[in-house]
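The chain contents come next:
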Amino acid sequence: MNTTNTPSNAVPKSGRDTQAIAAAATSSTRPLYWSVRRELWENRYVYVAPLAVAVLFLFGHLIGMIHLPAQMRQLSGVDSEKYREAILQPYDIAAAFMMGAYILVTLFYCSEALHGERRDRSILLWKSLPVSDLTTVMAKASIPFVVLPLLTFAITLVLQFLMLLMSSAVLLASGTSVASVWTHLPVFQMSLLLLYHIMTAHALWPAPVYCWLLLVSGWARRAAFLWAALPVLAIAGVEKIAFHTQHFVTLIGRRLIGDTQLVAYTSPDIFPTDPMTHITPAPFLLSPSLWIGLVVAVAFLAAAVRLRRHQGPV
Amino acid sequence: MPCIEARGLRKAFGTTIALDGVDLSVEDGRILGIIGPNGAGKTTALNAMLGLTPYQGELRVLGRDPWTERDRLMRDVCFIADVAVLPRWIRVSQALDYVAGVHPRFDRAKAEGFLAKTSIQRASKVRQLSKGMVTQLHLALVMAIDARLLVLDEPTLGLDILYRKQFYDSLLNDYFDRNRTIIVTTHQVEEIQHVFTDLIFINRGRIVFSCSMEEIESRYMEVMVHPDRVTAARALKPMYERQVFGRPVLLFDRTDRQQLAPLGEVRTPSVADLFVAVMGNQAGPAQGAV
């Protein structure tokens, strides 16, 4: 992430208006761009952790492939649906691991994001530069909502592709046909489904949880994660004692893990023959709970921006 | 339009009053020293000017409201709040990249030029640099910004004397010109009093003394009085008296030099002595100084 050359400030000389517009655009996007860069310099785990998970998984897959030729011979008798499911399974597991890494990194990042700069006093440096609190908070929010989803998507794709190459090589070496594996893997649909799944189930749907953590990280003097979790525990406890219900915990849990019914599949126990037919974005995108969640998330972010204005070193 | 204009600036933290009605006007091209005991309100005053803290009263810095326009104001204002605010994880090259990326008035070549005079490596992380080097880096970043106002809050705290001297030398030789305004707070007054054009003493949230350095030279005189002339000297109503090596040293405000000369050796007091005199009088009944 280390570059010494910076993009130049040059603007087209076609007219004063274009220049002014370009200057205005650069002046608002450049601080955001560099603020995101600085998040990645500071928090290298944002990309190191998913990469490490992918490498480890690939290593595991490599060892597991000892059994692959035998497994394929066993599968030759079963019907097409089961066959397909068996072929797809390792790729789904790979994706699931990457999602897990994404959630963990995001939770950790969000509960640190606005705390680290106050702890090491560097907030006084950042605030001495012409970067608004809004830009800073947006740059920090872009990590869980833009950088990590896209990164997770890209790494998962590469991981699955490498797995496929490795499997093919092993099968070829053992004299088994590769063609059936390739025809049963709808690569393009799988990647679209993956991107959709990441953006909906892991970015938009749990947005209020991530933004709550961001907000608390800007408020807590220490142990931000604890302060973020305590109210949840307290509300759940009161609810349980007072009303013998646990709606609040269920609500938070659903936000964190995702609401599978809304997000993608019509029925989780039948694996889709064509993944694309089972993407039903409309009910998800039209569901009030998604939009309520997003409104709450934006409110938390707005509060985080206001809060940062008042905050100094802890 | 003055660079800084404050009227009735107030700030309270709970029941503690940090700023108690500060009126201040700083013209362009001045170097203002703000001196005061710990907890006097210096940093609070600076923080208000830098948009780091909300306040009551009127405050304009370069014609802007610092609290609502901090990010816009920071294009024309630089500050070093503390020597230890550069994050330990950042590389020197990244710090240059970042400031060049976000600051429209940053001259990267100039910063590189300052760094070339030091032993700071581009690939080093801040955590690998000594405290003096971190200050040099921060100063190189700040001096390469074409700002109209530079605010330094205890910029040399914890540095050894060599770095302190270097710091102020580069500030004066390479940075200051008549178009810029500099505000400095420090406890090491002696080292930089020759740099100031104006001086403010602040105590318990109030400005207790405000004077230009020229005025100090013409107004205040310190006399190491001959032991046998002490009574005569005291009759001239000194604003402060102290003992040095058992001899009384009396500080006078607006007293005729002709009258003082026969009493002993007359000289201009140091800022530190003036500070002690003003603060000493603050403790007792207020007199003399504004």
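Quantities reported herein were computed from a predicted structural model and do not represent experimental measurements.

For chain B, the helix and strand inventory stands at 11 helices and 13 strands. Principal-axis analysis of the C-alpha atoms gives chain B an extent of 65 × 40 × 35 Å. Within chain B, buried positions represent 43% of all 290 residues. Once local pairs closer than 6 in sequence are excluded, the contacts in chain B between residues at least 24 apart make up 70%.

To continue, consider the overall build of chain A. Each helix and strand counted, chain A has 15 helices and 0 strands in total. Relative to its full complement of 314 residues, chain A shows a buried share of 30%. Excluding contacts between residues fewer than 6 apart, the proportion of contacts in chain A whose partners are at least 24 apart in sequence is 81%.

As a further point, take the domain arrangement of chain B. Residues and elements named next belong to chain B. Split into domains, chain B comes out as domain 1 (4-204) and domain 2 (215-283). Averaged C-alpha coordinates put domain 1 and domain 2 at centres separated by 34 Å. Domain 1 puts 8 residues into the contact, and the matching count from domain 2 is 8 residues. Among the secondary structure elements, those contributing two or more residues to the side of domain 1 that touches domain 2 are helix 7 (189-192) and strand 8 (198-203). With 3 residues, the single largest contributor to the side of domain 1 that touches domain 2 is strand 8. Taken together, the residues of the side of domain 1 that touches domain 2 sort by class into 5 nonpolar, 2 polar and 1 charged.

Turning to the sheet that holds strand 4 (residues 56-61) of chain B, a few remarks are in order. All names here are of chain B. Reading across the sheet, the 3 strands line up as 2-1-4 and stay open at both edges, with antiparallel pairing between neighbours. The two strands at the open ends of the sheet, each matched to only one other strand, are strand 2 (16-26) and strand 4. Direction aside, the axes of adjacent strands within the sheet are offset by 25 degrees on average.

This paragraph deals with the environment of Arg64(B). All names here are of chain B. Secondary-structure assignment places arginine 64 in the loop between strand 4 and helix 2 (70-73). In this structure the C-alpha to C-alpha distance between arginine 64 and cysteine 3, which are 61 residues apart in sequence, comes to 9.8 Å. Apart from the residues within four sequence positions on either side, arginine 64 is in contact with Glu69, Arg72 and Leu73.

This part is about the sheet that holds strand 6 (residues 149-153) of chain B. Residue and element names in this part refer to chain B. One open sheet accounts for 6 strands, arranged 5-6-7-3-8-9; its pairing is mixed. Every interior strand has two partners, whereas the edge strands, strand 5 (77-80) and strand 9 (206-212), have only one. If you compare each strand with its neighbour and ignore which way they point, the axes differ by 15 degrees on average.

The next thing to look at is the interface of chain A and chain B. The accessible area lost on association of the parts is a frequent measure of interface size. Opposite the 23 residues of chain A that make contact, chain B presents 27 residues. Looking at which element gives the most residues to the side of chain A that touches chain B, the answer is helix 1 (residues 16-42) of chain A, with 7 residues. Looking at the side of chain A that touches chain B, its residues break down into 8 nonpolar, 9 polar and 6 charged.

Below, the discussion takes up the packing of helix 4 (residues 108-116) of chain B against helix 5 (residues 131-143) of chain B. All names here are of chain B. With their axes 8 Å apart at the nearest point, helix 4 and helix 5 run at an angle of 150 degrees to one another. Of the possible angle classes, the one that applies to helix 4 and helix 5 is roughly antiparallel. Both helix 4 and helix 5 take part in a crossing whose hand is right-handed. Contacts between helix 4 and helix 5 involve Ala111, Phe114 and Leu115 from the first element and Ala140, Leu141 and Met143 from the second.

Before going further, it helps to examine helix 10 (residues 207-219) of chain A. Residues and elements named next belong to chain A. Taking 1.5 Å of rise per residue, the 13 residues of helix 10 would be expected to cover 18 Å, and the 18 Å separating its terminal C-alpha atoms lies within 8% of that figure. Counting buried positions over the 13 residues of helix 10 gives 12, a clear majority of the element. Buried within helix 10 are the following residues: Ala207, Pro208, Val209, Tyr210, Cys211, Trp212, Leu213, Leu214, Leu215, Val216, Ser217 and Gly218.

Turning our eyes to something else, we now look at the pairing of strand 8 of chain B. Residue and element names in this part refer to chain B. Burial analysis of strand 8 places 5 of its 6 residues in the buried class, the great majority of the element. In the sheet, strand 3 (residues 31-35) pairs with strand 8 via 4 bridges, with the strands oriented parallel. The residue of strand 8 that forms the bridge with glycine 33 is leucine 199. Examined bridge by bridge, strand 8 and strand 9 share 6 bridges and lie antiparallel to one another. In the sheet register, isoleucine 202 faces strand 9, and the bridge partner there is isoleucine 207. Remark: 2 residues form the turn of the hairpin made by strand 8 and strand 9, two consecutive strands paired antiparallel; arginine 204 in that turn has positive phi of roughly 45 degrees.

Residues and elements named next belong to chain A. Two elements in contact, helix 10 and helix 15 (residues 288-310), have axes whose closest approach is 8 Å; the angle formed by their N-to-C orientations is 15 degrees. In terms of orientation, helix 10 and helix 15 fall into the roughly parallel class. As for how helix 10 packs across helix 15, the hand of that crossing is left-handed. Residue-level contacts link Ala207, Pro208, Cys211, Trp212, Leu214, Leu215, Gly218 and Trp219 of helix 10 to Gly293, Leu294, Val296, Ala297, Phe300, Leu301, Ala303, Ala304, Leu307 and Arg308 of helix 15. Tallied by class, residues from the contact of helix 10 with helix 15 come to 15 nonpolar, 2 polar and 1 charged.

Attention now goes to the nonpolar core. Soluble globular proteins tend to pack their nonpolar side chains together in the buried interior. Ranked by internal contacts, the top residues of the largest apolar core, which has 97 residues, are Met49(B), Val77(B), Ala95(B), Val99(B), Ala140(B) and Val151(B). Counting only domains with at least three residues in this core, you end up with domain 1 (4-204) and domain 2 (215-283) of chain B. Look past the residues within four positions of Met49(B) in its chain and what remains in contact with it is Ile4(B), Leu59(B), Val61(B), Pro66(B) and Val151(B). Counting 43 residues, the second largest nonpolar core, distinct from the first, contains Ala95(A), Ile143(A), Leu148(A) and Leu215(A).

Quick look at the confidence of the model for chain B now. All names here are of chain B. Of the residues in chain B, 97% have a pLDDT of 70 or more, and the chain-wide mean is 89. Looking across chain B, the model is least confident in helix 6 (residues 161-175), with a mean pLDDT of 83, and most confident in helix 3 (residues 92-102), with 96. In this model residues 284-290 is a low-confidence stretch, pLDDT under 50, and it forms 12 contacts with partners more than four residues away in sequence or in other chains. Interface confidence for the predicted complex, given as ipTM, is 0.87, next to a pTM of 0.85.

Residue and element names in this part refer to chain A. Here cysteine 211 shows up in helix 10. Take cysteine 211: there are 26 C-beta atoms within 10 Å of it, and that puts it in the buried class. Along the backbone, cysteine 211 and serine 35 are 176 residues apart, and their C-alpha atoms lie at a distance of 18 Å.

The rules we used
Residues numbered from 1 in each chain as written. Chains lettered and ligands numbered in written order. Predicted model: local features only at pLDDT ≥ 70, side-chain atom pairs only at ≥ 80, totals over all residues. Helix = DSSP H or I, 4+ residues; strand = E, 2+ residues; numbered from the N terminus. Buried ≥ 20, exposed ≤ 12 C-beta atoms within 10 Å, placed from the backbone. Contact = placed C-beta atoms within 7 Å. Domains from an automatic or database assignment. Nonpolar A, V, L, I, M, F, W, Y, C, P; charged D, E, K, R; others polar. Pairing = 2+ DSSP bridges. Axes fitted to C-alpha atoms, helices over the stretch in contact; angles between N-to-C directions. Parallel < 35°, antiparallel > 145°, perpendicular 65-115°, else oblique. Left-handed = near helix turned anticlockwise from the far one by under 90°. Expected span 1.5 Å × (residues − 1). Core = buried A, V, L, I, M, F, W, Y, C linked by C-beta atoms within 7 Å. pLDDT = per-residue confidence, 0-100.

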